[in-house]
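Structural characterization, general
Single-letter residue listing:
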Amino acid sequence: MAKGFSYLLKSQNQIAVTTSRRQHLLWLAREYFELTKPKVVALIVFTAVVGMFLSTPSSLPLDILILGTLGIALAAGSAAAFNHILDQRDDAVMARTRSRPLPTGQLNGRQALMFAIVLGVLSMIILVKWVNVLTAVLTFITLIGYSVIYTIYLKHATSQNIVIGGAAGAAPPMLGWTAVTGEVTGDALLLFLIIFIWTPPHFWALALYRKQEYARAGIPMLPVTHGSRYTRLQILLYTILLTAITMLPFATGMSGWLYFLGAMILNVGFLSYSYKLYRHYSDALARKTFFYSIQYLALLFALLLIDHYRVYIHEALQSALY
């Protein structure tokens, strides 16, 4: 009986140790996953996938869709992890970022560095071996542009940091395009241009209600260096320019009336927020403008995708209904 009790106790201890180990691994996985900025990367990957589908009038090769998406996603995650490493001192000062894995000590710099390198190397291997060299080169340039040029230099050097550095964030749909076609075309550059012009009003809305945090961290964001009113004017002007730029896919024949009408509705919303923000500022309105801008971009690219396949969607609906 004593033997049986001892065996039972030993089994329970082993189960407890196994459970504890599993929980620790899950916790560690969550912390590493957080290094990739998953919400940001999700939007990046979505625009890249849309770029893939827009690049061809026919069906998309499944291997390119899977491997191209994986390669671009891994590179984006790698860039985000490098950003965590290089920004950890600033992150510790700002309320928005002080709970990230490195400022809290949940992970250390060496762990994050190894993780970032592994993701970056895997990305390059996948893109070179199974997609194409052009996409790999452009993705590598984008990774360096964001994680090194923007984070180390531009972010602390100029109030136009987000304008110049926005080129890295605007690349994903172009990367998706080249993954399928192996070339950079005018339409691919147009997708790049839309995100490039969208980035400043999107990020400056955030910088407005986080102005004091950026000032404490010594980061010369536009509201810190030029004040709130000037920044709000720039947001309005960029939104007007964005409205014009987002009409180009329709003007060039890249998309049809469905996209045009949907984009107009989205632009009216963005312009409304930007104008109200310029006239009557509040932190709450700046926050709403920031979150609307995220929805705006996601819906705009969804419209491009739906419009691109509108004939197939129409035929599918007819087949289903009749």
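Let me sum up the structure you'll find in this document. All of these numbers come straight from a predicted model, not from anything done at the bench. One numbering rule holds for all chains: residues counted from 1, following each sequence as written. Since the coordinates come from a predicted model, pLDDT governs what is reported: local features require at least 70, and pairs of side-chain atoms require 80 or more to be given and counted, while whole-chain, interface and lining totals use all residues. The side-chain figures draw on all heavy atoms in the structure; neither hydrogens nor water molecules are used.

**Quick word on the overall build of the protein chain**
A count of helical and extended segments in the protein chain gives 17 helices and zero strands. With respect to the principal axes defined by its C-alpha atoms, the protein chain has extents near 85 × 55 × 40 Å. Counting the 322 residues in the protein chain, one finds 47% classified as buried. By the convention used here, residues are in contact when the closest approach between their heavy atoms is within 4.5 Å. Long-range pairs, those at least 24 residues apart, make up 73% of the contacts in the protein chain between residues at least 6 apart in sequence. Per-residue accessibility takes into account occlusion by the displayed protein chains alone, with areas from the Shrake-Rupley method and a 1.4 Å probe. If you sum the accessible surface of the protein chain, you get close to 16300 Å²; carbon and sulfur atoms cover 67% of it. By definition, any uninterrupted DSSP run of H or I lasting at least four residues is a helix, any uninterrupted run of E lasting at least two residues is a strand, and each is numbered from the N terminus. The classification of residues rests on relative accessible area computed with a 1.4 Å probe and restricted to protein chains. Under 20% of the type maximum is buried, over 50% is exposed, and intermediate values are partly exposed.

**What about a nonpolar patch on the surface?**
The residues that make up patches have over 30% relative accessible area and no salt bridge, and they are joined within 9 Å when like-charged or within 5 Å when they are Val, Leu, Ile, Met, Phe, Trp or Tyr. The term salt bridge refers to a side-chain nitrogen of Lys or Arg lying within 4 Å of a carboxyl oxygen of Asp or Glu. Taken together, the side chains of Leu113, Met114, Ile117, Val118, Val121, Leu122, Ile125 and Trp130 make up a nonpolar region of the molecular surface, amounting to roughly 690 Å² of accessible area. One can find Trp130 in helix H6 (residues 109-131). Note on Trp130: relative accessible area 43%, which makes it partly exposed.

**Quick notes on the nonpolar core**
Among the nonpolar cores identified, the biggest contains 51 residues, and Tyr214, Tyr296 and Phe301 are the most heavily contacted of them. Residues in contact with Tyr214, not counting those within four places in the same chain, are Met94, Arg96, Phe203, Leu206, Ala207, Ile219, Met221 and Val224. By nonpolar core we mean a set of buried residues, namely Ala, Val, Leu, Ile, Met, Phe, Trp, Tyr and Cys, connected to one another through side-chain atoms within 4.5 Å. One finds Ala48, Met52, Ala136 and Leu138 within the second-largest nonpolar core, a separate group that totals 13 residues.

**Quick notes on the packing of aromatic side chains**
The geometry of an aromatic ring pair is captured by two quantities: the separation of the ring centres and the angle between the planes. Under the pairing criterion, centres of Phe, Tyr and Trp rings, with the six-membered ring standing for Trp, must be within 6.5 Å; the plane angle then separates stacked pairs below 30 degrees from edge-to-face pairs above 60, leaving the rest tilted. Applying the stated criterion across every chain yields a total of 14 aromatic pairs. For the pair Phe53 and Tyr309, a centre-to-centre distance of 5.9 Å together with 80° between the ring planes defines the contact as edge-to-face. Taken as a pair, Phe53 in helix H2 (residues 38-54) and Tyr309 in the loop between helix H16 (283-308) and helix H17 (310-321) lie far apart in primary sequence, 256 residues in all. We classify Phe53 as partly exposed; its relative accessible area is 21%. Aromatic rings pair up to connect Phe270, Tyr273, Tyr292 and Tyr296 into one cluster.

**Some words on the pattern of salt bridges**
Tallied over the full model, the rule gives four salt bridges. As a salt-bridge pair, Lys155 and Asp87 come within 2.6 Å of each other at their nearest N and O atoms. Separated by 68 residues along the polypeptide, Lys155 in helix H7 (residues 133-157) and Asp87 in the loop between helix H3 (62-86) and helix H4 (88-93) bring together distant segments of the chain. In this structure, Asp307 and Arg310 form a salt bridge, with 2.9 Å as the shortest nitrogen-oxygen distance. For Arg310, a relative accessible area of 39% puts it in the partly exposed group.

**Here's the deal with the environment of Thr185**
Mapped onto the elements, Thr185 comes out in the loop between helix H9 (172-181) and helix H10 (186-209). Taking C-alpha positions, Thr185 is 8.7 Å from Met174, a pair spaced 11 residues apart along the chain. Separated by 3.2 Å, the side chains of Thr185 and Trp177 make a polar contact. Within 3.5 Å is the distance limit for a polar contact, defined as a pair of N or O atoms, with the added protein rule that one can donate a hydrogen and the other accept it, and that residues adjacent in sequence qualify only through two side-chain atoms.

**Regarding the packing of helix H15 (residues 257-279) against H16**
Where helices are involved, their axes are fitted lines through C-alpha atoms of the stretch in contact, as for all axes, and angles between N-to-C directions lie from 0 to 180°. Where H15 meets H16, the axes come as close as 10 Å, and the angle between the chain directions of the two elements is 170°. Classified by the angle their axes make, H15 and H16 are roughly antiparallel. Residues that form the contact of H15 with H16 fall into these classes: 18 nonpolar, five polar and three charged. When an angle is under 35 degrees it counts as roughly parallel; over 145 it counts as roughly antiparallel; between 65 and 115 it counts as roughly perpendicular; any other value is oblique. The classification used treats Ala, Val, Leu, Ile, Met, Phe, Trp, Tyr, Cys and Pro as nonpolar, Asp, Glu, Lys and Arg as charged, and all other residues, Gly among them, as polar.

**Quick notes on the side chain of Thr231**
Tracing the backbone through its elements, the reader meets Thr231 in helix H13 (residues 228-245). Those residues in contact with Thr231 that lie beyond four places of it in its chain are Trp204, Leu208, Leu222 and Pro223.

**A closer look at the environment of Tyr153**
Locating Tyr153 in the fold gives a position in helix H7. Classification of Tyr153 by relative accessible area gives exposed; the value is 55%.

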